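Each chain, written out:
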Amino acid sequence: MEKASVLFKRIMLGILLALLALTLLLMVGEGLHAPSYLLAMAAGALWCAGLFALRRRRGRLLPAGGGLRLALLVCALCFAVNLAWVLAVRIEPFSDYETYWQVACALADGTEIPTAWYIAMYPHILGTASFLSVFVRLFGPSVLAVSVVNVVLTSLSCLLLYLLTREFASEEAALLAALLWALDPCKGMLNSLVFSEPLYTCLILLFLWLAVRQDGRWQRKEGSAAAAPLWGALLGLTLCAVNIVRPIALILVIALVLWLLFLRGDAVRSGALWRRWGLALAALLCVYALGGKLWDRHVEDTLGMEPAAVPVYNIYVGFNEQTQGQWSAEDMDLLFSYLEQGMTTSEAQSRMLPHLKERLGSGIDFGRLLRSKLIAFLGNDELGGYTYRFTRSERFYKLGMVVGNVFYYGVFFAMFGALLRRFRSRELGAWQLLPLFVLGLTLAHMGVEVANRYHYSIIPIFIVFAALGFTGEGRSST
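We now turn to the structure provided with this report.

## As for the packing of helix α6 (residues 124–139) against helix α13 (residues 271–303)
- Two elements in contact, α6 and α13, have axes separated by 11 Å at closest approach and are oriented at 80°. The angle between α6 and α13 falls in the class roughly perpendicular. On the side of α6, the interface is formed by L126, G127 and S130, while α13 contributes W295, V299 and T302.

Rendered as structure tokens:
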């Protein structure tokens, strides 16, 4: 089983590395038309090479010892740096961010929810707004209070990154991952917005840490099988929370199942481990399914209409060649025309199915479309700066875009090297859940609507592997 698992791991990482390499090549092509991308790549490669050189010279990038105390200091730094930004640079909600804000205020005030049909189409908006409404009740209708909540969530993610990385890597790599996340400029710029990414990213990191940590304990024969359903229920609750805020938890479920079946090496033969993971998985799926049904009922009670089930519309937009798989006003008008006829959101989604079939058979250049979607999803990390294009000077937002890209490409290069080493090695473990999630989310967005913002939750995982790259871990050979 060990050889088979190593083979499956290499296939999985090989596909991911191919997508990442293709992204870089495509962005080089984009740089021929927009030289700022080439400059950002060069600057990213420069600071990445500088850190590698510094570690070779000093032997370490961070001081030895300190452990959790030093990690908490890094989290405090994360909080301070990001708080300084949201206090200094504020922005009023717009577009989808305004929708989150309006729904949160309506829930806090107990008033009618605006554009309920739209919320029923995207019920995760209600999930995020329900969370934010707690703080609107506490602090009043203050966008700044929500921005501070985002800072708290990103600081919790900083701690979770440290704890997660420490489970399968060195203390130095764990601290470096936390520090890189603390200093990530794009994430800091986005904290001024009213949006869901900081919340569901924090929950995803919590799920990954719990899963990796518990597998390590069970590998060491710690804990009894009787407690496995409780751990599974906790994982299921975490996934329910993820899905309520952003419907991508199924990707984590699939990643967990694939890892359990194909990527554990000789551990697959362990009856004791199967008893624990079998009980945990059964409890996880039960809690996840029940939680989903309860949430759907809550959405229907709150909005007065059932939430949409199958996201046909999102798939329809995802194959819009004219908008390169991104949001389309024309497609939204088509969906809205059915809703205006008095259809429910589920009925309107069903009526989109013939349009989807027609679009798929209309002679789409799928290669060109998927290339464009890959660029939109992974090609850059400039949304933080671009967000301020309507409220700040051109120099301000363009500088923000460049700074975000320089950091992103440096992380990208270091992460690519670490994944390549892991591809070559025979090392297995629950850490494989991380690249499985990245691959799953990337492939999912090749089939549905895509936007640069949707890659937010995989940036921390890129940073984990970048930290492993800088510390040179995972060098074992075949």
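Don't stop here, the text continues.
## Some thoughts on the pattern of salt bridges
- Applying the stated criterion to the full structure yields 7 salt bridges.
- The partner of E172 in a salt bridge is R55, and the shortest N-O contact between them spans 2.9 Å. Of this pair, E172 sits in helix α8 (residues 171–183) while R55 is found in helix α2 (residues 35–58), placing the two residues 117 residues apart along the sequence.
- Judged by relative accessible area, E172 falls into the buried class, the value being 3%.

## Brief notes about the environment of W295
- By the element assignment, W295 lies in helix α13.
- Separated by 52 residues in the primary sequence, W295 and N243 place their C-alpha atoms 9.7 Å from one another.
- Among residues more than four places away in sequence, those in contact with W295 are P123, L126, G127, S130 and I244.

## Here's the deal with a negative patch on the surface
- Side chains of D296, E300, D301, E306 and E347 sit close together on the surface and give a patch of like negative charge.
- Considering every element that reaches the negative patch, the biggest residue donor is α13, with 3 residues.
- Structurally, D296 is set in helix α13.

## Brief notes about the packing of aromatic side chains
- Summed over the entire model, instances satisfying the criterion amount to 25 aromatic pairs.
- Consider the rings of W117 and F336, whose centres lie 5.0 Å apart with planes at 40°: the pair is tilted. With W117 in helix α5 (residues 116–121) and F336 in helix α15 (residues 329–340), the pair connects residues that are 219 residues apart, well separated along the chain.
- With a centroid separation of 5.2 Å and 65° between ring planes, the pair formed by F131 and F135 is classed as edge-to-face. Taken together, the residues span about one helical turn, with F131 and F135 both in helix α6 at a distance of 4 residues.
- The exposure class of F131 is partly exposed, given its relative accessible area of 27%.
- Above the plane of the ring of Y454 lies R246, whose end atom (NZ or CZ) is 4.3 Å from the centre.
- Lying over the aromatic face of F319, K373 brings its terminal NZ or CZ to 5.5 Å of the ring centre.

## Comments concerning the environment of L70
- One can find L70 in helix α3 (residues 67–88).
- The spatial distance from the C-alpha of L70 to the C-alpha of A177 is 13 Å, given a sequence separation of 107 residues.

## Concerning the layout of surface pockets
- In this model, the second largest pocket occupies a volume close to 250 Å³.
- In terms of lining residues, the second largest pocket is bounded by 15 residues, among which M12, I254, L258, L436 and L439 are the most central.
- If you list the elements that add at least two residues to the lining of the second largest pocket, you get α1 (2–33), α12 (249–262) and α20 (433–445).
- Element by element, the count of residues in the lining of the second largest pocket is highest for α12, at 6 residues.
- In terms of residue class, the lining of the second largest pocket is built from 14 nonpolar, 1 polar and no charged.

Definitions and limits used
Residues numbered from 1 in each chain as written. Predicted model: local features only at pLDDT ≥ 70, side-chain atom pairs only at ≥ 80, totals over all residues. Heavy atoms only, no water. Axes fitted to C-alpha atoms, helices over the stretch in contact; angles between N-to-C directions. Helix = DSSP H or I, 4+ residues; strand = E, 2+ residues; numbered from the N terminus. Parallel < 35°, antiparallel > 145°, perpendicular 65-115°, else oblique. Contact = heavy atoms within 4.5 Å. Salt bridge = Lys/Arg side-chain N within 4 Å of Asp/Glu carboxyl O. Buried < 20%, exposed > 50% of the residue type's maximum accessible area, 1.4 Å probe, protein only. Patch = residues over 30% accessible without salt bridge, like charges linked within 9 Å, V, L, I, M, F, W, Y side chains within 5 Å. Areas by Shrake-Rupley, 256 points an atom, 1.4 Å probe, with all protein chains shown as cover. Lys, Arg positive; Asp, Glu negative; His and termini not counted. Charge placed at Lys NZ, Arg CZ, Asp CG, Glu CD. Phe/Tyr/Trp six-rings, centres within 6.5 Å; stacked < 30°, edge-to-face > 60°. Lys NZ or Arg CZ within 6 Å of the ring centre and 35° of its normal. 1 Å grid on protein atoms, 1.4 Å probe; cavity = no way out; pocket = protein on both sides within 12 Å on 5 of 7 lines; lining within 4 Å. Points joined across faces, edges and corners; volume = space filled by probe spheres on them. Nonpolar A, V, L, I, M, F, W, Y, C, P; charged D, E, K, R; others polar.

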